[in-house]
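Fold and geometry: a report
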Amino acid sequence: MVSLEIDGKMLEVKEGRTILEAAKEIGIEIPHLCYMNLEEIGFKNDCSSCRICVVEVEGQRRLIPSCSTPVANGMKIWTNTKRVMQKRRNIVELLLSDHPKDCLICGKNGNCELQKIAISFGIRKIRFSGRESSYEKEESVAITRDVTKCIMCRRCESICRDIQSCNILTGVRRGFSAVVDTAFSRSLQHTRCTFCGQCVSVCPTGAIYETDNSFQLFQDIMNEEKIVVMQVAPAVRVAIGEMFGMEAGTDVTGKLVSALKKIGIDYVFDTNFAADVTVMEEATELKYRMEHGKILPIFTSCCPAWVRFLQQNYPEMEKYLSSTKSPQEIFGAIAKHIFQKEQEKEVVCVSLMPCVAKKYEASIGKDVNYSVTTREIVNLLKQFNIDLSLMPEEDFDQPFATSSGGGDIFGRSGGVMEATARTLYYLLEKEDLKEVAFHNLRGFDGLKFSEVKIGEKVLRLAVVHGLRQAREVVEAIRNGQLQIDALEVMACKGGCLAGGGQPYHHGDFSIIQKRTEAIQRLDDRNSIQCSHQNEDVLRMYREKIGSIYGDEAKELFHYEKGR
Ligand code: HC0
Ligand code: SF4
């Protein structure tokens, strides 16, 4: 332990802690912009580029950045001296002097950390004026970049490099012209960007945010000629309440359904129902591959960022991907090929997702018209003056309303594999697993393994999240160092619960933990444990599709020739 003094208070903290972290332990919040620490998933951005967190340390002539300076025995620190306060204010005013002032129509309005700092510093006037940078905005199908709003905090660069190993964004140029950009300023679409949206999750300003589809939804709702059908992804229901002041991990499923109805969505269905369909198809596909000596391991294919990552970086490994579509796309097929037949007007299928890559997936698929994020729907609900916390509870619309616990856990890392294993066991053994929980596949470890004994065979399952670790796993499989039968990959650490379209966590990992616990509770409390026990799914097959993994199912729920 290290003993030190901050603002006259004595304290002891663990060795290796920074001054900023130590101060936080005794309730002193030092303002900062570039720093972010998600220790639990191995992400730390402490390049001390903004220098808003400077403090005075006795014996040091210069002001010290608290985010990157470790504590030492006997240190005496002041976090709010005149010098410190003046320096911080100068930095913020300098940042603002070269920052667009279009907050009212900015994608981060209300969520911007620079805006919050400007408010907390009471800035009404910027003393410095001069040249302002100008860059074209880039709007891809999933992510919009406005480099004029880049403050060079480098968080996007760090997460893209260290957690995702994609290296799409990097600091370019020097001095006044320095910004974070792609190589040769290429649009994201023309790079190997996966659209995972992790850069969006950590950007403090409006430099990177989701491409907006909420206005399109607004217009469709207003159009009497259309029937708007919305599917709600597994991870949204335990996160969206945060933006209405509720505790992270509050399950607001029923309230969300009634709120969506209230703003004029005609039908609200559950993506978890489609997740159960994905399980039926994927488990049957895996069984088929095992029994016919086809290629193994099978890779899950429901995370579009992971799929794009594999296609771009390891095209020779694409053959391992399951041909089963993601729940988003499976539901799209249900909406456009089953539900549409019973309607007289045109059905618009919109997905509500925690993810920005789902916008990309919708754009390359046929059936989902477009996707909106958790944050976008919150904006829309607020436009309609709806406070989610005050809404009554309502059920999803029939007949796509029921899900099993297997469908419910899709939103967390390990969920797809666990749900698939529950059903695969049943398909092969003709009886249910006695214990459906695969505890080894849960939690935040980057790579997790489990085994399931089916007859004489032991199936080896693996789960990985975060693309850096996914890359290591793919390479180990390619080099023959790792032998497994099935692999789940989610691009975001923690799975969809931590997706790029979710309420901002602002560096607080406990939020993601609480969402994960909440999703697990849905599974634990569900009286239907496995996808193959979902009577509504089985009825849909009986009445509309025919057999699982049959001709019609393959036509609707699978990509041709793999992908
Ligand atoms: Fe996910 Fe999904 S679980 S990717 O994380 O598989 O986005 O929530 O909707 O499609 O179900 C995201 C979440 C989904 C899909 C499902 C899968
Ligand atoms: Fe990197 Fe993902 Fe952002 Fe693309 S979306 S730039 S891959 S972090």
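Residues numbered from 1 in each chain as written. Chains lettered and ligands numbered in written order. Predicted model: local features only at pLDDT ≥ 70, side-chain atom pairs only at ≥ 80, totals over all residues. Heavy atoms only, no water.

Together, Arg51, Arg61, Arg62 and Lys87 line one region of the surface with positive charge. Residue position: Arg62 is located in the loop between β5 (54-57) and β6 (64-65). In this structure Arg62 comes out as exposed when scored by relative accessible area, which is 60%. (Patch = residues over 30% accessible without salt bridge, like charges linked within 9 Å, V, L, I, M, F, W, Y side chains within 5 Å. Areas by Shrake-Rupley, 256 points an atom, 1.4 Å probe, with all protein chains shown as cover. Salt bridge = Lys/Arg side-chain N within 4 Å of Asp/Glu carboxyl O. Lys, Arg positive; Asp, Glu negative; His and termini not counted. Charge placed at Lys NZ, Arg CZ, Asp CG, Glu CD. Helix = DSSP H or I, 4+ residues; strand = E, 2+ residues; numbered from the N terminus. Buried < 20%, exposed > 50% of the residue type's maximum accessible area, 1.4 Å probe, protein only.)

Within this structure, the stated rule accounts for 37 salt bridges. Residues Asp485 and Lys457 are paired through a salt bridge, measuring 4.0 Å at the closest nitrogen-oxygen approach. With Asp485 in the loop between α15 (467-478) and β20 (486-490) and Lys457 in strand β19 (residues 457-465), the pair connects residues that are 28 residues apart, well separated along the chain. The class for Lys457 is partly exposed, based on a relative accessible area of 38%.

A word on the sheet that holds strand β16 (residues 346-353). What links the strands of a sheet is backbone hydrogen bonding, and the strands pair in either a parallel or an antiparallel sense. On the basis of which strands lie adjacent, the open sheet formed by four strands has the order β14-β13-β16-β17 and parallel pairing. Of all strands in the sheet, those bounded by a partner on one side alone are β14 (267-270) and β17 (370-373). For this sheet, the mean angle separating the axes of adjacent strands, direction not counted, is 30°. As paired elements, β16 and β17 share four bridges and run parallel to each other. Its bridge partner being in β17, Leu352 is matched across the sheet by Val372. Docked against the sheet, helix α7 (residues 253-262) engages β13 (226-232), β14 and β16, running at close to 150° with respect to β14. (Pairing = 2+ DSSP bridges. Axes fitted to C-alpha atoms, helices over the stretch in contact; angles between N-to-C directions. Contact = heavy atoms within 4.5 Å.)

Turning our eyes to something else, we now look at the nonpolar core. Within the largest apolar cluster, 92 residues are counted, with the highest numbers of intra-cluster contacts made by Leu217 and Trp306. Counting residues per element, this core draws most heavily on α15, which supplies six residues. In this structure Leu217 touches Val228, Met230, Ile265, Val350, Tyr370, Val372, Ile377 and Leu380, once residues within four positions along its chain are discounted. Counting residues in hydrophobic clusters, the runner-up holds 26 residues, among them Ala335, Val368, Phe400 and Leu556. (Core = buried A, V, L, I, M, F, W, Y, C linked by side-chain atoms within 4.5 Å.)

Moving on, we get to the environment of Phe269. Note that Phe269 resides in strand β14. For Phe269, a relative accessible area of 0% puts it in the buried group. Sequence spacing of Phe269 and Phe396 is 127 residues, and the spatial spacing of their C-alpha atoms is 5.4 Å. Those residues in contact with Phe269, other than ones at most four positions away along the chain, are Val229, Met230, Gln231, Val232, Phe331, Phe339, Phe396, Asp397, Gln398, Pro399 and Phe400.

What follows concerns empty space enclosed by the protein. If you walk through the whole model with that rule in mind, you get six cavities of 30 Å³ or more. By volume, the largest cavity is sized at about 240 Å³. As for the largest cavity, its lining consists of 25 residues, and the residues nearest its centre are Cys302, Lys358, Phe410, Met490 and Cys496. Secondary-structure elements contributing two or more residues to the lining of the largest cavity are α9 (304-313), α10 (327-339) and α11 (357-364). Classifying every residue of the lining of the largest cavity gives 19 nonpolar, five polar and one charged. Approximately 140 Å³ is the volume attributed to the second largest cavity. Looking at the second largest cavity, it is lined by 18 residues, and the ones nearest its centre are Cys150, Cys156, Val180, Ala207 and Ile208. Split into classes, the residues belonging to the lining of the second largest cavity amount to twelve nonpolar, one polar and five charged. (1 Å grid on protein atoms, 1.4 Å probe; cavity = no way out; pocket = protein on both sides within 12 Å on 5 of 7 lines; lining within 4 Å. Points joined across faces, edges and corners; volume = space filled by probe spheres on them. Nonpolar A, V, L, I, M, F, W, Y, C, P; charged D, E, K, R; others polar.)

For the rest of this paragraph, the subject is a negative patch on the surface. A contiguous patch of negative charge on the surface is contributed by Asp551, Glu552, Glu555 and Glu560. Position of Glu552 relative to the elements: it lies in helix α18 (residues 551-557).

Before going further, it helps to spend a moment on the sheet that holds strand β15 (residues 298-299). Read across the sheet, four strands follow the order β15-β20-β19-β18 without closing on themselves; strand pairing throughout is mixed. The open sheet has two free edges, formed respectively by β15 and β18 (447-454), since each of these has just one partner strand. Relative to β20, β15 runs parallel, the two sharing two bridges. What sits directly across from Phe299, in β20, is Leu487.

In the vicinity of ligand 1, 16 residues are found, and the nearest of them are Ala235, Cys302, Gln328, Lys358 and Cys496. Contact between ligand 1 and Pro327: an oxygen atom at 3.4 Å from a main-chain N or O atom of the residue. Here ligand 1 occupies the largest cavity. Within the residue set of the shell around ligand 1, elements represented by two or more residues are α8 (271-291) and α10. The class makeup of the residues in the shell around ligand 1 is eleven nonpolar, four polar and one charged. (Near = heavy atom within 4 Å. Polar contact = N/O pair within 3.5 Å; in protein donor to acceptor, adjacent residues only side chain to side chain. Sits in = over half its atoms within 2 Å of the grid points.)

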